[in-house]
Amino acid sequence: MIDRQFTRIQTALPGPKSADVFALKETYVASPLETYAPFIVKQAQGAIIEDLDGNRFLDFSGGWGCLAVGQRHERVVAALREQIDHYLHTDFTAVPYAPFIELAQKLCEHTAIDGPKKAAFFNSGAEAVENAVKIARAYTKRKAVLVFENAFHGRTLLAMTMTHKAKPYKYGFGPFASDVYRLPYPYEYRKSITADDIERSLLSLVDPSEVAVMVVEPVIGEGGFLVPPAWFLPAMRKLADKYGFVLAVDEVQSGVGRTGKFFAYEHFDMQPDLICVAKSLASGLPLSGVVGKAKIMDAPIASAIGGTYAGNPLACRAALEVIRTLDEEDLMAQATRVGHRIKSHFQRLAEKYDVIGDVRGLGAMVGMELVTDRVTKEPAKELTGKIARAAMHNGAIFPTAGLQGNVLRVLVSFVITDEQIDEGMNILEEAFENVLG
Ligand SMILES: Cc1ncc(COP(=O)(O)O)c(C=O)c1O
């Protein structure tokens, strides 16, 4: 039995109050907006969510990777309250405001790229990716886009085209954007490749003189938490320099401290030209950005990028507090500690359960890949879903990932305590026990 300090499940899920709201959802919310958790949230703090029926969960999904500093961090809440008392919205390019500019400065200061840097803000991760491509195309005056296997870049037309997984993200939504070419990404557990393999693949797909940009996740997120070997990103830098295209890293999921450094690419011996950032940047408020070399960021003509809500004042104020909190409360080091603790629990479980084929991760981005057989490595998608559901019904939320849906991962807030981690891991272990009998 789990010694429960933080979680409390006192009804079947959904409980009666949540069930009433789900009935309304069924009638009024478009069906493709399928929901993961079988309850409706009432309130949340740190890494804990309480539902309408008084059930309490440990949240290892962290708002799907948006809550580095946890739910309702007091500094973020205070900044938002203060901002509400002044103004809500103007459209930055109509009537500019200081928090947008202060955040651009802060983000540039946190970006480990040599030379002058500039930033621009948008609303979603997909928008950041789209804008990175537009900026790179304006700079290079070329059109082709290189992406990778297992990539996830969002759901708008270009970002969806750049995303690998067909179902559900692309199903029924063609025709897709043109001039997007997919290269192999190292997947150490399943397939070893070399830099030469990637270059050969590039040359077979498109003439490199037509390539505007390569967009790459330094750690693959939705595609299954793949951490590339040390040679990979430096080799991509070399390819970009050799053929004169822009190298953009998509740090929408891996950025803002999640891997223990402000950006994940800092773990590797290279510097990109552009970086896409979102998710944890504004603690769940809609905000994304592109930051990178000033000469590239300045390439599009005046008014060519932007958007009505892009970089809204509330989101910018939240983001400033997120970055200050990461710095002043040493939360990036905490992300590393959280990741180590979770990884050692996962490794312990892997010794006990053969279905865990691989445990991997960087910093607080930790995942386990489930297989039906350790030799054939057949992906165990159904089992992964069952285990995640069993854990949820016992009080811990774990997201899944991977092209085959067979990776269990954590995108937890860095403010989670050791005791909360241990309770969550006991719940996960009990879920394995229950499902595997
Ligand atoms: C690496 C990466 N890029 C882009 C996106 C898209 O972000 P959004 O859902 O905010 O459009 C995501 C979302 O999970 C992501 O993980």
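Residue numbers run consecutively from 1 along every chain, following the written order of its sequence. This being a predicted model, a pLDDT of at least 70 is required before a residue's local features are given, and a value of 80 or more before pairs of side-chain atoms are given or counted; all residues contribute to the totals for chains, interfaces and linings.

Re the site of the ligand
Quick reminder of the rule: Any residue whose C-beta atom, as placed from the backbone, lies within 6 Å of a molecule or strand is termed near it. Helix and strand labels come from DSSP, where a helix needs a run of H or I of at least four residues and a strand needs a run of E of at least two; each type is numbered from the N terminus. Under the scheme applied here, ten amino acids are nonpolar (Ala, Val, Leu, Ile, Met, Phe, Trp, Tyr, Cys and Pro), four are charged (Asp, Glu, Lys and Arg), and all others, including Gly, are polar.
Surveying the vicinity of the ligand reveals 14 residues, the closest of which are Gly-125, Ala-126, Gly-154, Val-252 and Gln-253. At 3 residues, the largest contribution of residues to the shell around the ligand is made by helix H5 (residues 125–140). For the shell around the ligand, the residue count by class is 5 nonpolar, 6 polar and 3 charged.

What about the sheet that holds strand E14 (residues 400–401)?
Stated formally: Any two strands with at least two DSSP-identified bridges between them are counted as paired. Throughout, a pair of residues is in contact if the C-beta atoms placed from their backbones lie within 7 Å. Structural elements are reduced to axes, namely lines fitted to C-alpha atoms, with helices fitted over the stretch in contact, and the angle between N-to-C directions of any two is expressed from 0 to 180 degrees.
Taken in spatial order, the 4 strands line up as E11-E12-E15-E14 in an open sheet, and their pairing is antiparallel. The open sheet has two edge strands, strand E11 (356–362) and E14, and neither has a second partner. Across 4 bridges, strand E12 (residues 365–370) lies against strand E15 (residues 407–410) in antiparallel orientation. Paired with Val-366 across the strands is Val-410, a residue of E15. Its contacts with the sheet place helix H11 (residues 331–352) against E11, E12 and E15, and it is angled at close to 170° to E11.

Points about the domain arrangement of the protein
Which entries qualify depends on this criterion: An automatic or database domain assignment is the source of the domain bounds shown.
Segmenting the protein into domains produces domain 1 (16–59 + 330–436) and domain 2 (75–328). On a C-alpha basis, the centres of domain 1 and domain 2 stand 26 Å from each other. Counting only elements with at least two residues in the side of domain 1 that touches domain 2, the list comes to H11, E11, E12 and E15. Of the residues that constitute the side of domain 1 that touches domain 2, the class distribution is 10 nonpolar, 7 polar and 5 charged.

Looking at helix H10 (residues 313–328)
For clarity, the cut-off: Here the expected length of a helix is defined as 1.5 Å per residue gap, with one fewer gap than residues. Exposure criterion: with C-beta atoms placed from backbone coordinates, a residue whose C-beta has 20 or more other C-beta atoms within 10 Å is buried, one with 12 or fewer is exposed, and one in between is partly exposed.
With 16 residues, H10 should reach 22 Å at 1.5 Å per residue; the first-to-last C-alpha distance of 22 Å fits that figure. Among all positions of H10, only Pro-313, Ala-315, Cys-316, Arg-317, Ala-318, Ala-319, Leu-320, Glu-321, Val-322, Ile-323, Thr-325 and Leu-326 are buried. Trailing H10 by a residue or two, Asp-330 shows a phi angle of about 55°, which is positive.

Here's the deal with the packing of helix H3 (residues 74–84) against H10
The description of two helices packed together rests on the angle between their axes and the distance between the axes. In plain terms, the rule: Angles are sorted into four bins: roughly parallel if under 35 degrees, roughly antiparallel if over 145, roughly perpendicular if 65 to 115, and oblique for all others. Throughout, a crossing is termed right-handed when the near helix is turned clockwise from the far one, and left-handed when it is turned anticlockwise from it by less than a right angle.
As a packed pair, H3 and H10 sit with axes 9 Å apart at the nearest point and diverge in direction by 150°. The angle between H3 and H10 falls in the class roughly antiparallel. Judged by the twist between their axes, the crossing of H3 over H10 is right-handed. Counting all contacts with H3, which are made through Arg-75, Val-76, Ala-79, Leu-80 and Gln-83, the residues of H10 involved are Pro-313, Leu-314, Arg-317, Ala-318, Leu-320, Glu-321, Val-322 and Thr-325. Of the residues contributing to the contact of H3 with H10, the split by class is 8 nonpolar, 2 polar and 3 charged.

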